[in-house]
Amino acid sequence: MSAIITLTVPELRRLAITKQFLTADEKPPLLDMVQQMGCLQLDPISAVERSHLLVVWSRLGHAFSEDHLNKLIYEDRSLFEYWAHVASIVPVADYPLHYHMMKSYPRLSDDNQWHQNFANWLAEVESGDLPLSQYILDSLRENGPMNTKEFDDPDGRWRRERGWSSSNGVNHMMDVLWTQGKVMVAHRKGKQRYWDLAERCLPQWTPREDIDADEVTYRALPRAIKALGAATPQQIKVHFIRGRYHNIQENLDRLVAEGLLVPTELVDQKGDYYLHVDDLPLLETIRAGEFAPRTTLLSPFDNLICDRDRTEMLWDFFFRIEIYVPKDKRQYGYYVLPILHGDDLIGRVDPRFDRKTNTLHIQNVYAEEDAPKTVATQKAIAASIKSLATFLGADTIELGNIPQRWNKLSQYVG
């Protein structure tokens, strides 16, 4: 077994930030960046902008164009929408890692009430002369890309009603077929998805290996660890192909024995960490003081902070999204963006973008107790806010409540 490497928390912070392309270093092409990150989580909330776009903006700045990402997904077909963290944008090159889930879905348990209700609904809509799945696939084959609203259900026979939910059965069956890899999102108009047969969406060069669950885990583990900098098995489980790691410890041991992973411990923290051997030179440069700090705002679902427990452990930064918290009970706001400053999370902003007036409202700014007060810090935060406004196409920035320690922020936002 390889000798155990000891990391400090600041070293792991810098590793993670660097591997997530959140430093001031030159960035690779967008496709390469997404490939190395593994996924961009999708979320429909657009109080500011949709999460996957904010994630890319945080790394590339306001020069990033949504059209560039859409071209990679819907024209070049180098990326596609599927499950990773949750619903995400993932590389087509990783298709074999997702195919195992496609071919085995759904796996239903007899002792789970939700599974039983789902199985009952599925059996009902798939019975009779025209199973719902066949109707959808035949319609797409004949008509090309369609939105779910374009499918007919005149007698309501496909609605899902079993005391568990009541809604459009076409939507739910489309989700089943999507998870099974039979349909894919061909393109979008705004937030509306237009579906087509997967065989017409995937490029010819799509890798088609049929690998088992162990091989999926064996291949996904190094990817997740590289994206995290270094991680414990528990942290890996909620990253990249969340919830789909099989025999994780056995595969970690195999990768260590093969010399691809290095056992690692974190000073004053419990848990067995793993570092990818390819990142040993990066660790040495960080230890030599080479780190290019940068200040930016992060989506609530950013890959760096989507594991809330890891975020709290590494940065002593408690973060929860408050979308579903009643307004009068929110601590910070509806859609709060943490402030990454160098290798630290120093505060958060509470923004709202008014598209009617093209105004970015920064309703509140919050500073952590130990956040630096310097003019340079305030200028860096202001520059990030202005970059976000430019990216959104905002004509005006309205700054609300700001903390006393950053009392010059209004001056620098302008």
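Report on the accompanying structure. Bear in mind the structure is a predicted one, so any value in this text is a computation, not a measurement.

What counts and how
- Residues numbered from 1 in each chain as written.
- Predicted model: local features only at pLDDT ≥ 70, side-chain atom pairs only at ≥ 80, totals over all residues.
- Heavy atoms only, no water.
- Pairing = 2+ DSSP bridges.
- Helix = DSSP H or I, 4+ residues; strand = E, 2+ residues; numbered from the N terminus.
- Axes fitted to C-alpha atoms, helices over the stretch in contact; angles between N-to-C directions.
- Parallel < 35°, antiparallel > 145°, perpendicular 65-115°, else oblique.
- Left-handed = near helix turned anticlockwise from the far one by under 90°.
- Contact = heavy atoms within 4.5 Å.
- Expected span 1.5 Å × (residues − 1).
- Buried < 20%, exposed > 50% of the residue type's maximum accessible area, 1.4 Å probe, protein only.
- Salt bridge = Lys/Arg side-chain N within 4 Å of Asp/Glu carboxyl O.
- Polar contact = N/O pair within 3.5 Å; in protein donor to acceptor, adjacent residues only side chain to side chain.

What follows covers the sheet that holds strand 10 (residues 273-276). The strand order 1-9-10 describes an open sheet built from three strands, whose pairing is mixed. Strands with a single pairing partner mark the edges of an open sheet, and in this sheet they are strand 1 (5-7) and strand 10. The average angle at which neighbouring strand axes cross in this sheet is 45°, direction not considered. Relative to strand 10, strand 9 (residues 261-266) runs antiparallel, the two being bridged by four bridges.

Moving on to the packing of helix 10 (residues 213-228) against helix 12 (residues 248-257). Contact pair helix 10 / helix 12: the axes reach a minimum separation of 9 Å and the direction vectors enclose 65°. Here helix 12 runs roughly perpendicular to helix 10, going by the angle between their axes. Crossing handedness for the pair helix 10 and helix 12: right-handed. Here D214, E215, T217, Y218, L221, P222 and I225 of helix 10 lie close against helix 12, whose contacting residues are I248, N251, L252, R254 and L255.

Next up on the list: the sheet that holds strand 3 (residues 79-83). Strand pairing in a sheet takes place through backbone hydrogen bonds and is either antiparallel or parallel in direction. Pairing in this open sheet of three strands is antiparallel, and the strands run 2-4-3 from one edge to the other. Of all the strands in the sheet, just strand 2 (40-41) and strand 3 have a single pairing partner and so form its edges. With two bridges joining them, strand 2 and strand 4 (residues 87-91) adopt antiparallel strand pairing. Looking at the pairing, Q41 lines up with S88 of strand 4. Together, strand 3 and strand 4 form the strand contacts of helix 8 (residues 169-179), whose direction differs from that of strand 3 by roughly 110°.

Let us now look at helix 15 (residues 375-392). Each full turn of the α-helix corresponds to 3.6 residues, which orients residues three or four apart in the same direction. The end-to-end C-alpha distance of helix 15 is 26 Å, a good match for the 26 Å that 18 residues give at a rise of 1.5 Å each. All of the buried residues in helix 15 are T377, Q378, A380, I381, A382, S384, I385, S387, L388, A389, F391 and L392. The first or second residue beyond helix 15 is G393, which carries a positive phi of 85°.

The next subject is the pairing of strand 12 (residues 337-341). Counting buried residues along strand 12, four of its five residues qualify, which places the element largely inside the surrounding structure. In this structure, strand 11 (residues 295-297) lies alongside strand 12, joined through three bridges in antiparallel fashion. Its bridge partner being in strand 12, L297 is matched across the sheet by I339. Strand direction decides the pairing type here: strand 12 and strand 13 (residues 344-354), joined by five bridges, are antiparallel. Bridged to H341 within strand 13 is D344. Linking strand 12 to strand 13, which pair antiparallel, is a turn of two residues; within it G342 sits at a positive phi near 70°.

Here we take up the pattern of salt bridges. Taken as a whole and judged by the stated rule, the model has 20 salt bridges. A salt bridge links R50 to E66; the nearest nitrogen and oxygen atoms lie 2.9 Å apart. On the criterion of sequence distance, the pair formed by R50 in the loop between strand 2 and helix 3 (51-60) and E66 in helix 4 (residues 66-75) is long-range, its members being 16 residues apart. The class of R50 is buried, set by a relative accessible area of 14%. For the salt bridge of D309 with R320, the shortest nitrogen-to-oxygen distance reads 3.9 Å. Of the two residues, D309 sits in helix 14 (residues 308-315) while R320 sits in the loop between helix 14 and strand 12, which places them eleven residues apart along the sequence. We classify D309 as exposed; its relative accessible area is 53%. Among the ionic contacts, a cluster of salt bridges with common partners joins E11, E284 and R287.

Moving on, we get to the environment of A213. Inspection of the secondary structure assignment puts A213 in helix 10. Sequence separation between A213 and L97 is 116 residues; the distance between their C-alpha atoms is 8.8 Å. Excluding residues within four positions of it along the chain, A213 makes contact with H100 and H246.

Turning our attention to the packing of helix 3 against helix 15. At their nearest, the axes of helix 3 and helix 15 sit 11 Å apart, and the two run at 130° to each other. It follows that helix 3 is oblique to helix 15 by the angle criterion. The element helix 3 and its partner helix 15 pack so that their crossing is right-handed. Between helix 3 and helix 15, the residues in contact are L53, L54 and W57 and S384, S387, L388 and F391, respectively.

On to the environment of D43, then. By secondary structure assignment, the location of D43 is in the loop between strand 2 and helix 3. Excluding residues within four positions of it along the chain, D43 makes contact with R50, S51 and F301. A distance of 3.1 Å separates a polar side-chain atom of D43 from the backbone nitrogen of I45.

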